Amino acid sequence: MKTILVTGGAGFLGSNLCERLTNDGNNVICVDNNYTGRLENVQKIIKHPNFRFIEHDICEPLTLDAEIDQIYNMACPASPPAYQGRYSIQTTKTCVLGAINMLELAKSQNATILQTSTSEVYGEPLVHPQTESYRGNVNPIGIRSCYDEGKRCAESLFFDYQRYEGVDIKVVRIFNTYGPKMDPHDGRVVSNLICQALSGQDITIYGDGNQTRSFCYVDDLIEVLIRMMNSEKGFTGPVNIGNPGEFTINELAEMVVNKIGGTSKIVYKSLPSDDPTQRRPDISLAKEKLGWEPKIKLSEGLDRTIEYFRKRINRA
Ligand code: UDP
């Protein structure tokens, strides 16, 4: 049994990870400031004797009364509408100050720390599919830069703490992920399209819908996070994690509409600035080092996610 800290543990990915780690028999400490995280995400485990929730903003140092073995640093607003606008400065602070505070904690506790970085470090990629050695094409002053540059700076901090402070680090770069516990209001494409179709609203496609994304089902992603955390000592990454199946947003919308039916019609809206044209992970490194590749196809993952949102909407 390990004692594991998950920052951002009430968010979409964090809460799925907390549930898995708790059910696997670990002691889990979940930290979240509840800006974009939601307590309802950890409802199933909130009373579990091995689970503890602490409301805290990682921009401030964190003192714990427990000895911890591992830290998953996942705290950060992650959907474009959430990190743009009024949370943009907070986003950079969370990425940078949060990383320093958690790396200091890892150092003082001799814990392994895993950083959830992002495919956004590649910006508008000029190399396709993206390999870890590609250094990216990020607009440093655009509306996505708080997140992109924040996450790039966090990676830089992780590697400096490894080089100069001897901290045991792991870095993964997460590509688009979807599934149960997504926030229906956070504006991401999968949740938007499903919720719009289920409630008979217009389905919004930004731009011409020919931009591509690669969508990974959450259970596959949680599995590889745990594998990376427990990988051989000294293997730091960065490692791309995601599903290499690549779809245009038009294709995604068509799949969602075919599955749900209903009366929704597709409407085209303007494309937000710096919205990447294409994105697909090269996951050779994850396959080789972690023996992992995603198992759940988009169609099956969408069925499960539609089921989740349908139940929520019926409950409401
Ligand atoms: N998008 C869309 N309709 C929506 C929400 C998003 O067409 O209602 C597009 C968005 O412009 C982007 C893609 O879908 O090209 C994925 O957006 P998301 O916010 O899910 O993630 P991103 O990969 O941009 O971080």
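Structure first, text after, so check above.
Keep in mind the model is a prediction, meaning the values are calculated, not measured. (Residues numbered from 1 in each chain as written. Predicted model: local features only at pLDDT ≥ 70, side-chain atom pairs only at ≥ 80, totals over all residues. Heavy atoms only, no water.)

(A) Local environment of the site of the ligand. Contacts to the ligand come from 17 residues, most closely from Thr204, Tyr206, Arg213, Asp275 and Arg279. One nitrogen or oxygen atom from the main chain of threonine 204 is found 2.8 Å from a nitrogen atom belonging to the ligand. In the model, an oxygen atom of the ligand is placed 2.6 Å from a nitrogen or oxygen of the arginine 213 side chain. When the ligand is considered free in solution it has 520 Å² of accessible area, and contact with the protein chains removes 95% of it. Listed by contribution, the elements that provide at least two residues to the shell around the ligand are helix 5 (189-198) and strand 8 (203-206). For the shell around the ligand, the element with the highest residue contribution is strand 8, accounting for three residues. Within the shell around the ligand, the residues separate by chemical class into six nonpolar, five polar and six charged. (Near = heavy atom within 4 Å. Polar contact = N/O pair within 3.5 Å; in protein donor to acceptor, adjacent residues only side chain to side chain. Areas by Shrake-Rupley, 256 points an atom, 1.4 Å probe, with all protein chains shown as cover. Helix = DSSP H or I, 4+ residues; strand = E, 2+ residues; numbered from the N terminus. Nonpolar A, V, L, I, M, F, W, Y, C, P; charged D, E, K, R; others polar.)

(B) Structural context of the sheet that holds strand 11 (residues 239-241). Pairing within the open sheet is parallel, and its seven strands lie in the order 3-2-1-4-5-6-11. Two strands lie at the open edges of the sheet, namely strand 3 (51-55) and strand 11, each paired on one side alone. This sheet shows a mean twist of 20 degrees between the axes of neighbouring strands, independent of strand direction. Where strand 4 (residues 70-73) lies against strand 5 (residues 112-118), four bridges are found, and the strand directions are parallel. Residue pairing across strands places asparagine 73 opposite glutamine 115, the latter belonging to strand 5. In this fold helix 4 (residues 145-165) packs onto strand 4, strand 5 and strand 6 (169-174), with an angle of close to 155 degrees to the strand it touches most, strand 5. Contacts between helix 6 (residues 218-229) and the sheet are confined to strand 4, strand 5, strand 6 and strand 11, with strand 6 contributing the most and set at about 160 degrees to the helix. (Pairing = 2+ DSSP bridges. Axes fitted to C-alpha atoms, helices over the stretch in contact; angles between N-to-C directions. Contact = heavy atoms within 4.5 Å.)

(C) Representation of the side chain of asparagine 73. Positionally, asparagine 73 belongs in strand 4. For asparagine 73, a relative accessible area of 3% gives the class buried. Of note is the side chain of asparagine 73, whose polar atom sits 2.7 Å from the side chain of threonine 7. Among residues more than four places away in sequence, those in contact with asparagine 73 are Thr7, Ile58, Ala99, Met102, Leu114, Gln115, Thr116 and Phe158. (Buried < 20%, exposed > 50% of the residue type's maximum accessible area, 1.4 Å probe, protein only.)

(D) Here's a closer look at the packing of helix 1 (residues 12-23) against helix 6. Between helix 1 and helix 6, the shortest axis-to-axis distance is 10 Å and the interhelical angle comes to 65 degrees. For the element pair helix 1 / helix 6, the angle class is roughly perpendicular. You can see that helix 1 and helix 6 cross each other, and the crossing is right-handed. Between helix 1 and helix 6, the contacting residues are Phe12, Leu13, Asn16, Leu17, Arg20 and Leu21 on the first element and Val218, Leu221, Ile222, Glu223 and Ile226 on the second. In terms of residue class, the contact of helix 1 with helix 6 is made up of eight nonpolar, one polar and two charged. (Parallel < 35°, antiparallel > 145°, perpendicular 65-115°, else oblique. Left-handed = near helix turned anticlockwise from the far one by under 90°.)

(E) Layout of the pattern of salt bridges. Counted under the stated rule, the structure contains 24 salt bridges. We note a salt bridge from glutamate 40 to arginine 38, for which the minimum N-O separation is 3.5 Å. The salt bridge partner of arginine 152 is glutamate 149, with a shortest N-O separation of 3.6 Å. With arginine 152 and glutamate 149 both in helix 4 and three residues apart, this pair spans about one turn of that helix. A residue is classified by how much of its surface remains accessible, and arginine 152, at 31% relative accessible area, is partly exposed. Each of Glu120, Arg144, Arg213, Asp275 and Arg279 takes part in one network of salt bridges that share partners. (Salt bridge = Lys/Arg side-chain N within 4 Å of Asp/Glu carboxyl O.)

(F) Structural detail: the packing of aromatic side chains. Scanning all chains against the criterion turns up seven aromatic pairs. Judged by centre distance (6.2 Å) and plane angle (40 degrees), the ring pair of tyrosine 122 and phenylalanine 175 falls under tilted. Of this pair, tyrosine 122 sits in the loop between strand 5 and helix 4 while phenylalanine 175 sits in the loop between strand 6 and strand 7 (177-178), and the two are 53 residues apart along the sequence. Pair check on accessibility: tyrosine 122 and phenylalanine 175 agree, each one buried. Seen from their ring centres, tyrosine 178 and tyrosine 217 are 5.6 Å apart, and the 70 degrees between their planes marks the pair as edge-to-face. (Phe/Tyr/Trp six-rings, centres within 6.5 Å; stacked < 30°, edge-to-face > 60°.)

(G) Fine view of the environment of threonine 248. By the secondary structure assignment, threonine 248 is in strand 12 (residues 246-248). Distance in space between the C-alpha atoms of threonine 248 and serine 270 is 16 Å, their sequence separation being 22 residues.

(H) Region of the structure containing the side chain of glutamine 70. Here glutamine 70 lies in strand 4. Taking the relative accessible area as the measure of exposure, glutamine 70 reaches 5% and is therefore buried.

(I) Quick look at the environment of aspartate 282. As for its placement among the helices and strands, aspartate 282 is situated in the loop between strand 13 (266-269) and helix 8 (284-290). Given a relative accessible area of 21%, aspartate 282 falls into the partly exposed group. A sequence separation of 119 residues divides aspartate 282 from arginine 163, and the C-alpha atoms of the two residues are 26 Å apart. Within polar-contact distance, the side chain of aspartate 282 engages the side chain of serine 284 at 2.6 Å.

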